[in-house]
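# Reading the structure
The chain contents come next:
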Amino acid sequence: MFERKEALSLILKGCCDNFEANGFKVSVPENIEKGDAPVFTDGESAYIEITKNSLTVRLVSHDNILDISEKDGDGEFAKSASNLMDLDSFDERDIKSLCNEINDTVDSFYGKKAKKAAKKAPATISRTAVKNGMSYDANTLANRIATLYPELKEEYKDNFQRYDEFLAEDFFVNHANAYIMETIRSNNKQMLKKLFKILSDIYENGTNDVQDLVVVTILGEINNDKELLERCSAEITDDDFRDTLYAVNAYLASSAGKKAKEKLNNPPKYKPRKQKKGMMASMLQNQMPQQ
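Residues numbered from 1 in each chain as written. Predicted model: local features only at pLDDT ≥ 70, side-chain atom pairs only at ≥ 80, totals over all residues. Heavy atoms only, no water.

Here we take up the overall build of the protein. Helices and strands together make up the secondary structure of the protein, namely 12 helices and 6 strands. Put simply, the protein has 291 residues, and 49% of those count as buried. Within the protein, contacts between residues at least 6 apart in sequence are counted, and of these 60% link residues at least 24 apart. Carbon and sulfur atoms form 45% of the exposed surface of the protein, whose accessible area is close to 15900 Å². (Helix = DSSP H or I, 4+ residues; strand = E, 2+ residues; numbered from the N terminus. Buried < 20%, exposed > 50% of the residue type's maximum accessible area, 1.4 Å probe, protein only. Contact = heavy atoms within 4.5 Å. Areas by Shrake-Rupley, 256 points an atom, 1.4 Å probe, with all protein chains shown as cover.)

Now the structure itself:
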């Protein structure tokens, strides 16, 4: 377990050489005491700031996330990447892994070999925005899952590069679900806790579409396996989330759910965006078997 400033100090130590190699200088807060790490504080968050010519990049630690944001000149900061940084569970090995992720991001976005034409990920919805009335969307869910499973980060980036928008069904059905189901089946307690901390937060504060993703597209792959359902249920505190999880799985196991399950396993090819009714809402209008 780390304090926020301590973790950022270790990150700076692990990334400083790469920052310098890419032409960045580390900003130093005013009135910093001798021997202290150059870490800025802003309320409950803290950040490291690096600059190159007119470009300013910040590594901002808040909640259990580390965001990388940028601005050019006097413009506004825009988020370019997010990484998991759960201070309650992080150890030195996690910090080292996070440093590697940050260095890769700096190299690919701002380094000498960066692809200038590459599109950046859509902005995610922050916890502060949710507290102020917004709801989490599918892109935010995918971003959080990609921070939990770094192997998915390239697939996450490629998704919106390929389609000019984020296609959640493609990302989860074809890539992310395999990692999520492996965590559930392996019964890795630490990973299960992290996974359902993300899924619960997103489900409880998400749009109808993102709730569909959680209980239908992702957890629908449990296939009504009672042992796996109980394993998930033990990590869920929200009654609505738990009840809906059981109801959707019961429906997908019924004869009426076979067509819906086939759709999950074979998502439609990409088409221009249009409004549609959520799958979960359609399911729950039917009479479902009780748990």
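We now examine helix H1 (residues 4-21). In a regular helix each residue adds 1.5 Å, so 18 residues correspond to 26 Å; H1 covers 26 Å between its end C-alpha atoms and thus fits that length. Buried within H1 we find Arg-4, Ala-7, Leu-8, Ile-11, Leu-12, Cys-15, Asn-18 and Phe-19. Where H1 is buried, its residues touch strand E1 (25-26), strand E3 (45-52), strand E4 (55-62), strand E5 (65-72) and helix H2 (92-110). (Expected span 1.5 Å × (residues − 1).)

With 6 of its 8 residues buried, E3 lies for the most part within the structure. By the bridge criterion, 2 bridges tie E1 to E3 in an arrangement that is antiparallel. Considered in E3, the bridge of Val-26 is made with Ile-50. The pairing of strand E2 (residues 40-42) with E3 spans 3 bridges and is classified as antiparallel. Bridged to Phe-40 within E3 is Tyr-47. In this structure, the hairpin formed by E2 and E3 is closed by a connection of 2 residues, where Gly-43 is found at a positive phi of approximately 65°. In terms of strand pairing, E3 meets E4 through 7 bridges, oriented antiparallel. The residue bridging Glu-49 from the neighbouring strand is Arg-58, located in E4. (Pairing = 2+ DSSP bridges.)

Our next topic: the pairing of E5. Within E5, 6 of the 8 residues are buried, which leaves the element mostly enclosed by the surrounding structure. Relative to E5, E4 runs antiparallel, the two being bridged by 8 bridges. Within E5, the residue paired with Thr-56 across the bridge is Lys-71. Here E5 hands over to strand E6 (residues 78-84) after 5 residues, with Gly-73 in that stretch at a positive phi of 65°.

Turning our eyes to something else, we now look at the packing of helix H6 (residues 168-186) against helix H9 (residues 226-233). One can describe the packing of H6 onto H9 by two numbers: an axis separation of 9 Å at closest approach and a directional angle of 95°. One finds that H6 runs roughly perpendicular with respect to H9. Contact residues: Met-181, Ile-184 and Arg-185 in H6; Leu-228, Arg-231 and Cys-232 in H9. Taken together, the residues of the contact of H6 with H9 break down into 4 nonpolar, no polar and 2 charged. (Axes fitted to C-alpha atoms, helices over the stretch in contact; angles between N-to-C directions. Parallel < 35°, antiparallel > 145°, perpendicular 65-115°, else oblique. Nonpolar A, V, L, I, M, F, W, Y, C, P; charged D, E, K, R; others polar.)

This part takes up the nonpolar core. If you look at the biggest cluster of nonpolar residues, it comprises 48 residues, and the most contacted ones within it are Leu-141, Ile-145, Phe-172, Ile-184 and Leu-219. Among the secondary structure elements, those contributing two or more residues to this core are helix H3 (127-131), helix H4 (138-148), helix H5 (153-163), H6, helix H7 (189-204), helix H8 (208-218), H9 and helix H10 (239-253). Residue contacts for Leu-219: discarding those within four places in its chain leaves Ile-184, Phe-196, Leu-199, Val-214, Phe-241, Leu-245 and Asn-249. Counting residues in each nonpolar core, the second largest holds 27 residues, with Phe-2, Ile-11, Ala-46 and Tyr-110 among its members. (Core = buried A, V, L, I, M, F, W, Y, C linked by side-chain atoms within 4.5 Å.)

A complete count under the given rule lists 3 cavities of 30 Å³ or more for this structure. What the largest cavity holds in volume is close to 100 Å³. Around the largest cavity sit His-62, Ile-65, Asp-67, Lys-79, Ser-82, Thr-124, Ile-125, Ser-126, Arg-127, Thr-140, Asn-143 and Arg-144, which together line it. Listed by contribution, the elements that provide at least two residues to the lining of the largest cavity are E5, E6 and H4. Examining the composition of the lining of the largest cavity, we find that 3 residues originate from one element, H4, more than from any other. Here the residues of the lining of the largest cavity are counted per class, giving 2 nonpolar, 6 polar and 4 charged. (1 Å grid on protein atoms, 1.4 Å probe; cavity = no way out; pocket = protein on both sides within 12 Å on 5 of 7 lines; lining within 4 Å. Points joined across faces, edges and corners; volume = space filled by probe spheres on them.)

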